[in-house]
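Remarks on the overall topology
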Amino acid sequence: MDILTQVMQELSQRPPGRVIGTGTMLDTARFRALLGAHYGVDPRSVHAYILGEHGDSEVPLWSSASIGGLPVLDRTILGHAWDRPAMDALFDRVRRAAYEIIDRKGYTNLAIGVVLAQLVETILGDQRSVLPVSVRLDGEYGLGGVCLSIPCVVGIEGIEGRILPGLDAQELTGLQHSAAVLKERMAGIRI
């Protein structure tokens, strides 16, 4: 998906901010849902993002994940202590979800349809929502020339702003790795 976004941006006459990939919107929704289930709260009370590639090199942002404004990292929330192995397993479920769906029914279609509808509604309604969509980076986090997901303000004009959460060293390394994976794949494509 990130590669297709980049190819479309390069081939299109449209401004880059109007060629948007769904990025990690679906992964982020799954992440929030699983965190909500783990802590016993509605996913709408969970603020957390998956950044980078929509794929195996995606990066969970534990350092800014919160429930009701409380960071989850190294805290006990509603009787649930931070448990790195449990959180790693939770994130692995997010990353592997599409593979499991494909194994069961042969394809994925419903969830991406919901995400596309949300993105279209956000644009047409000029909601200016912050969504983790795939955009070409231009120096953010020291990266450029690659499309991957970062939180962006999305409205009637497309990408109207970029939100850059602080990343810890592990998250930054993960995002750099994600960009390198995508650049390597993009290098094999002639436009």
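Structure first, text after, so check above.
In this report, we go over the structure that sits alongside the text. (Residues numbered from 1 in each chain as written. Predicted model: local features only at pLDDT ≥ 70, side-chain atom pairs only at ≥ 80, totals over all residues. Heavy atoms only, no water.)

Further remarks concern the pattern of salt bridges. Scanning the entire structure with this criterion turns up eight salt bridges. One salt bridge in this structure joins arginine 95 and aspartate 92, with 3.9 Å as the shortest N-O distance. With arginine 95 and aspartate 92 both in helix 3 (residues 84-105), this residue pair falls three residues apart, about one helical turn. A salt bridge links glutamate 160 to arginine 128; its shortest N-O distance comes to 2.2 Å. Within this pair, whereas glutamate 160 is found in strand 10 (residues 158-162), its partner arginine 128 is found in the loop between helix 4 (110-124) and strand 8 (129-138), the two being separated by 32 residues in sequence. (Salt bridge = Lys/Arg side-chain N within 4 Å of Asp/Glu carboxyl O. Helix = DSSP H or I, 4+ residues; strand = E, 2+ residues; numbered from the N terminus.)

Okay, the sheet that holds strand 8 next. Taken together, three strands build an open sheet; the order of strands is 8-9-10 and the sheet is antiparallel. The open sheet is flanked by strand 8 and strand 10, the only strands paired with a single partner. Across this sheet, the average inter-strand angle for adjacent strands is 55 degrees, counted without regard to direction. When strand 9 (residues 144-155) meets strand 10, the two strands line up antiparallel, connected through four bridges. Each residue of the ladder has a partner; that of cysteine 152, found in strand 10, is arginine 162. (Pairing = 2+ DSSP bridges. Axes fitted to C-alpha atoms, helices over the stretch in contact; angles between N-to-C directions.)

The next subject is the environment of methionine 1. Looking at the secondary structure, you find methionine 1 in the segment before helix 1 (2-11). In sequence terms methionine 1 and glutamate 53 are 52 residues apart; their C-alpha atoms lie 8.4 Å from each other.

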